[in-house]
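Fold and contact review
Here is what each chain is made of, one letter per residue.
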2 protein chains.
Amino acid sequence: MTRLDERKRQVMRAVVESYVANAQPVGSRTIARDYDLGVSSATIRNEMADLEELGYLEQPHTSAGRMPSDAGYRFYVDEIARVSSPTHLQLERMRRAIGQQASEIDEVLQAAGRLLSEITDCLSVVVEPSPSGAVLNTVEIVPLESDRMMLLVITREGLVHNRMLDCPDDVSSEQMNHVSHVLTRYLRGYTLGDILSSEVVRGIRSELDHCRKLLDMVMHILSSYSSEDVQARYRLEGAANIMKQPEFQDVRRAQKVLRVLSQQSVINDLLRSVRSEDVFVLIGSENRYEGIRDCSIVTSAYSIRGQSAGRIGVLGPRRMNYGRVMGTVKTLTSLLSEVLNR
Amino acid sequence: MTRLDERKRQVMRAVVESYVANAQPVGSRTIARDYDLGVSSATIRNEMADLEELGYLEQPHTSAGRMPSDAGYRFYVDEIARVSSPTHLQLERMRRAIGQQASEIDEVLQAAGRLLSEITDCLSVVVEPSPSGAVLNTVEIVPLESDRMMLLVITREGLVHNRMLDCPDDVSSEQMNHVSHVLTRYLRGYTLGDILSSEVVRGIRSELDHCRKLLDMVMHILSSYSSEDVQARYRLEGAANIMKQPEFQDVRRAQKVLRVLSQQSVINDLLRSVRSEDVFVLIGSENRYEGIRDCSIVTSAYSIRGQSAGRIGVLGPRRMNYGRVMGTVKTLTSLLSEVLNR
DNA sequence: GATTAGCACTCTCGTCCATAGAGTGCTAAA
DNA sequence: TTTAGCACTCTATGGACGAGAGTGCTAATC
């Protein structure tokens, strides 16, 4: 990474920030006028030509101002931007929205997503902890009407997965109860991914040999959760918000973005594949999906008991206020972790 | 309702169907050419002038063709359109998408919503059965880690509501178990809305007097579900699809619509307030929300055990293929009812 | 009396063109 | 090294204009 001299950095910052604020290519005069760099527009013009040569700026056409390239944004994010904390007001708002006692986790996550989108004017994505990595708390089998039953799998963080099953004739609700208890006793503390490979299955099988049929059904479902390709549920919010952004005035672009993000596999790839615990930024064509090449993504993981669990993130135009968005995402993950650990 | 003579009906049908197909005001020549009415364009011109006078058609400007007014669409829907069944292919697709055994109900509803949007190119809304009207199947209290517990309320149709609660020190997991069983025994079969007013509460209270603290907490949550203003969860899908429609090429319109529909109260009002079991159509300004005045809504209720439960619906441009959309909505509700009753 | 051909009239939309405005790069002076 | 000045480039804007589509009306026709 070439180290830029201070003035180039200042010019770079000015270009990015002006472009972020006004969504229009910025010219040397604008910078000379609005930012107090102590040099004339001609000097800035020269610096900008240099920055263009370095690949940090680009021009839509010769007689327009300049705007940051992907590399330019990357430089800005890595070297210049500061993660900025939300205002007290926003913080208060976040606390109020997701901090409510005794609401369903689902609702907490949904509220978080909405808020995130609201504050950043981006699309927000909230990914639940993936079932395969989740630590199991309780297995419960509940009889329903008309020969059906429901298998509930509750994870340590309080997420509930449920499956409806046909109930064989010879399975009584006492059996269900019994199996539930034994399974819970054996499996609590294991991750769903670990169950199959673990020793405990042996123990369970021997203890529940007389409920073989029911046990097999349940284990089958459990093992399906454990497989890697069962993907975490996620929630997209804020389609209306992202359309405030000038770059989404073209419907086709908005449409493409929404279409790409409605694919589970994409979300999986973009968010869950990120290992970083800290705020992570993906700029423009750094992601490999055609439809969202001109968007940036900011994500972070929330954690439960110190273990990274699910992720939240936003997707917006490359021209976003990175400092602010990163701050918001970071703060919200902390709040979420806090609320979910409470 | 003035009865129109046959030819006017034909002209009306032609105008609506041509406009629906091409999204452009239709002129008398077009109808004379494309629809075989056996009269000249001049005659059709006269008929159209009459229809305009009746309020069924309107012109964007003098020298343009005509398009249906709200009243025109209403007439078309009530008197002319036929609900058209989906193609075999579509039916197959629906069955495959929502008919999968052993998937979470949540996923079934989500799949239904996506499909509905996909097929109709409208926004789809899927509303879960409202908790207050749902018939209770099981109440389950499960201990979580670190002094928390979870209350699960499972309805007859297999919907799960959960709440996280702080667990008082002196409540043991045996107590939770006991309370769960007693509550389930007493309350199964009651709707959540009925619980409070019913006699059974007395019985429960006396039987569980020794677990008073825990019971109070749980009853408090249950009663919160029963109140009318706890609103059913719903799911919006297909923002990307509705943008295919020419009337949503203007982002601001799309934005307004999405914003309106993201309000729980609006969904509640628009869908849940409809009592009709059959397919119900709301055209243009028949709804009272500013942002969606130029949209139409088609909804129907799915049922569980013959009782209307939740609703599904689509929202799209007034200029939609009412016959086809109504058919799709109707078919999908039947399929949903079938799957959920299975 | 109903239908139709013909025609004048109206309104929109796309194209073309000229102009204003913004920004650049280069050169020469400070 | 910085800056003032200037010629040049490109876009955006607005007006003029003609093509095209459709109507309403009148008079002729069935």
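Residues numbered from 1 in each chain as written. Chains lettered and ligands numbered in written order. Predicted model: local features only at pLDDT ≥ 70, side-chain atom pairs only at ≥ 80, totals over all residues.

1. Notes on the protein's contact with DNA strand C
Around DNA strand C, the surrounding shell holds 20 residues, and the nearest of these are A:G27, B:V39, B:S40, B:T43 and B:S63. Sorting the residues of the surface near DNA strand C by element identifies α2 (28–34) and α3 (41–53) of chain A together with α3 (41–53) of chain B as the ones contributing at least two each. A per-element tally of the surface near DNA strand C places α3(A) first, with four residues. The residue makeup of the surface near DNA strand C, split by class, is six nonpolar, eleven polar and three charged. (Near = placed C-beta within 6 Å. Helix = DSSP H or I, 4+ residues; strand = E, 2+ residues; numbered from the N terminus. Nonpolar A, V, L, I, M, F, W, Y, C, P; charged D, E, K, R; others polar.)

2. Concerning the sheet that holds strand β5 (residues 148–155) of chain B
All names here are of chain B. If you walk across this open sheet you meet the three strands as β4-β5-β6, and the pairing is antiparallel. At either end of the open sheet lies a strand with only one pairing partner, and these are β4 (136–143) and β6 (160–166). Taking the axes of each pair of neighbouring strands and ignoring which way they run, one obtains an average angle of 15° across the sheet. In the sheet, β4 pairs with β5 via seven bridges, with the strands oriented antiparallel. Bridge pairing in β5 links T138 to I154. (Pairing = 2+ DSSP bridges. Axes fitted to C-alpha atoms, helices over the stretch in contact; angles between N-to-C directions.)

3. Examining the protein's contact with DNA strand D
Taken together, 20 residues sit near DNA strand D, with A:V39, A:S40, A:T43, A:S63 and B:G27 positioned nearest. Contributions of two or more residues to the surface near DNA strand D are made by α3 of chain A together with α2 (28–34) and α3 of chain B. Element by element, the count of residues in the surface near DNA strand D is highest for α3(B), at four residues. Tallied by class, the residues present in the surface near DNA strand D amount to six nonpolar, eleven polar and three charged.

4. Digging into the pairing of β6(B)
Across the seven residues that make up β6(B), a large majority, six, are buried. The hairpin formed by β5(B) and β6(B) contains four residues between the paired strands, and B:G158 there has a positive phi angle of roughly 95°. (Buried ≥ 20, exposed ≤ 12 C-beta atoms within 10 Å, placed from the backbone.)

5. Overview of the relation of the copies chain A and chain B
Laying chain A over chain B is done by rotating through 180° and shifting 0.0 Å along the axis; what remains is an RMSD of 0.0 Å. A rotation of that kind, with that shift, is consistent with a two-fold axis. Proximity to the rotation axis, assessed at the C-alpha, singles out A:V251 in chain A; its C-alpha lies 2.9 Å from the axis. When the interface residues of chain A are mapped onto chain B, 100% of them are again interface residues, pointing to one common binding face. (Least-squares fit on C-alpha atoms with pLDDT ≥ 70 in both. Contact = placed C-beta atoms within 7 Å.)

6. Focus on the interface of chain A and chain B
Listed by partner, the interface residues are 31 residues for chain A and 32 residues for chain B. Those elements that provide at least two residues to the side of chain A that touches chain B are β4 (136–143), β5 (148–155), β6 (160–166), α10 (239–242) and α11 (251–261) of chain A. Residue contributions to the side of chain A that touches chain B peak at six residues, all from β6(A). Among the residues making up the side of chain A that touches chain B, the classes are represented as 17 nonpolar, eight polar and six charged.

7. Quick notes on the domain arrangement of chain A
Reports of interface size often rely on the accessible area that becomes lost once the parts have come together. Each assigned domain of chain A is listed with its residue range as follows: domain 1 (6–80), domain 2 (88–129 + 231–341) and domain 3 (132–226). Using C-alpha coordinates to define each centre, domain 1 of chain A is positioned 60 Å away from domain 3 of chain A. (Domains from an automatic or database assignment.)

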